[in-house]
Structure formats: structure tokens, C-alpha cells
Amino acid sequence: MIKKTLGRTGLEVTQLGYGSMGLRGPNTWGVRTVDEAAAELFLNAVLDAGINFIDTAPDYGISEQRIGQYIGSRRNEYYLATKCGCAYTQHDDHIEIDHVWTKEVVQRNIETSLDRLQTDHIDLLQFHGGDAEGLQNAGLIELLMDYREQGVIRFIGSSSSLPRLPALIELGVFDTFQIPYSCLAPGHHDWITKAAETGAGIIIRGGIAHGGPDAEIQRDALNDVWTGARLDELLTEGMNRAELILRYTISHPHCDTTIVGTCNADHLAENVAAIEKGVLPAELYNEITTRIAAVGA
């Protein structure tokens, strides 16, 4: 699988990463759950497919525990990214998610994540949101730098979006940025470039637009962009909609990796095959861009 350097981290990451929200388990949110046996099989399938970048978070239910339990023994095969600022409450039938920017919460997240993930270090710890001024005033950036000096975490990042993203980029302290982007939601295109120009690595989330018009859970706003831009007309022989979306995402020159969350073995194989085909031909990429712009996305 194609690998790219994740900015100044120097980590060589696969262009297809794995987002583990789907492994959150029961009593969280949504209607789809994955049992323990399926979670074990799928996490090992992710590594067997060659993917070496896994993203998770403390407030993704039991995702961290499952990663530690089922592929902790293969820890040298993947880079592990998780998040902090997660003040969640697990109720009997759902998880209540909140983000709180205090040293107590961040320290608890780190300690809990290390235990759950069955590891002695986190490759990338990302603020799960937050604004530049608040993170600075709470001393949290310095706190993560201290953990980095200790070797508990290797790199620090921010998972954010507009309108908070510009100020976070201006700080010039983050090793990576996780930013939403796809051809159906291209609003962060230029900000991805600006973030990369600081030397930071770029992790794209939403890079397959939840599967586009063929997704199990339909999203009208994304479907309207697809239909309005008449993108079905641009599908080449053997190309499905998800492939077009995913290959468009990795065609952004600053996309180092895009984390795609699936628990479907067929979809995983399709995503791997799409990534291996590489970026879209320039003519097709430009036509998609032109059509998307015309519908105001």
C-alpha cells in the first residue's frame, strides 16, 4: 500500500488509515454494533491488509479496549492515534459525550488510554476539538509537550475544523491536523494546504463521505451535492461511487492519510483496492472540482 510521510513526524503512514469509531460497541449511539468476535477478526484484517495507521478516541465506547485486546500483540505493526479532552459519561443504554479542556481530564484520558490500548506510548495524541485560546490558557499544550518529552506520547495534534482551525494552525505547535474533507464537502480544501505549509502532517476524516449516495445511512446534503454535480456521469468502467470519492480525497496533494471507518470486510477490501489505484487522472479530478464548485459545495 502507498505510504506518505506524515509531515514533520517523519512517520511513514499508509494513505488509507482506519478510523475505529465503528468498533464503539453496544450502548453508545446508532443502531449498528459489532460483537467481540467480529471486532477481533476485523482489526486483524485491517493490519493484514497493510494498513498501519489507526485512529481512535476515549469517547468511542469500547473502541480503545478492543484495539488493545485484539491487536495489542501486534503493536509494532501500526501507528496509534487517540485523542484527549474527552469527558464522557457511560449510561446504561448510551454514552454521553462532552469535551472539557482541563488538565485533570486530559491526564485522565492519557492514563486510561494507555491502559485500554495495552501500550506504553501513544504515537499521536490529538486534542478532540478545542480552541487555540482555551487550550493555551488552560496550559494544555504545554502539558502535552511535557508528556512528549517523557516519551509517553511521540507527537501532538489537533482534530478540528472551521471556524476554530485557522487559529490553531497559527499556533505553529501541532505535528498533525485531522481535518474533514471530500469532494462532497470540500470546504476545507485550502485550509488543508495552509496547515500542511506549517510542516504538519495531514489526516483527512470523512474522506469517503460516509460512502456517498450508496451509504447504508443516507445523508441528504451529501446526496444533493452528488446529484447536482451529476457525478454519476463521470464514473469510469468498473468504478463505483465510493471509489471516486476516496480517490478524489487522496488526490489532494497534502493528504497524507485518510481514516475510513468501516466494519464491513467487503468495504475494507474495496477501499484498499481503490487506494492502490492511486490518485485520479488530472482531467477527471479537475472536472469533478469544476462541477462541485458549480453547485456551490
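Above this note sits the structure.
Residues numbered from 1 in each chain as written. Predicted model: local features only at pLDDT ≥ 70, side-chain atom pairs only at ≥ 80, totals over all residues. Heavy atoms only, no water.

Draft legend 1. View of the environment of Arg219. Note that Arg219 resides in the loop between strand E11 (201-205) and helix H8 (220-228). When its relative accessible area of 30% is taken as the criterion, Arg219 is described as partly exposed. Sequence separation between Arg219 and Gly261 is 42 residues; the distance between their C-alpha atoms is 16 Å. (Helix = DSSP H or I, 4+ residues; strand = E, 2+ residues; numbered from the N terminus. Buried < 20%, exposed > 50% of the residue type's maximum accessible area, 1.4 Å probe, protein only.)

Draft legend 2. Broad picture of the pairing of strand E12 (residues 257-260). Burial along E12 is two-sided: Thr257 and Ile259 and Thr258 and Val260, pointing in opposite directions, are all buried. In the sheet, strand E3 (residues 16-19) pairs with E12 via three bridges, with the strands oriented parallel. When the bridges of E12 are listed, Gly17 appears paired with Ile259. Pairing geometry for E11 and E12, over three bridges, is parallel. Residue pairing across strands places Ile203 opposite Thr257, the latter belonging to E12. (Pairing = 2+ DSSP bridges.)

Draft legend 3. The arrangement of the packing of helix H1 (residues 36-48) against helix H2 (residues 63-71) in detail. For the pair H1 and H2, interaxial distance at closest approach is 9 Å and the crossing angle is 70 degrees. With respect to each other, H1 and H2 are oriented roughly perpendicular. Crossing hand, H1 versus H2: right-handed. Contacts from Glu36, Ala39, Glu40, Leu43, Asn44 and Leu47 in H1 reach Arg66, Ile67, Tyr70 and Ile71 in H2. In terms of residue class, the contact of H1 with H2 is built from six nonpolar, one polar and three charged. (Axes fitted to C-alpha atoms, helices over the stretch in contact; angles between N-to-C directions. Parallel < 35°, antiparallel > 145°, perpendicular 65-115°, else oblique. Left-handed = near helix turned anticlockwise from the far one by under 90°. Contact = heavy atoms within 4.5 Å. Nonpolar A, V, L, I, M, F, W, Y, C, P; charged D, E, K, R; others polar.)

Draft legend 4. Looking closely at the pairing of E3. Of the two faces of E3, both are covered, the one formed by Leu16 and Tyr18 as well as the one formed by Gly17 and Gly19. Bridging between E3 and strand E4 (residues 53-55) involves two bridges; their strand directions are parallel. Looking at the pairing, Tyr18 lines up with Ile54 of E4. Each parallel crossover has a hand, and the one from E3 via H1 to E4 is right-handed. (Right-handed = clockwise from strand over helix to strand, strands pointing away.)

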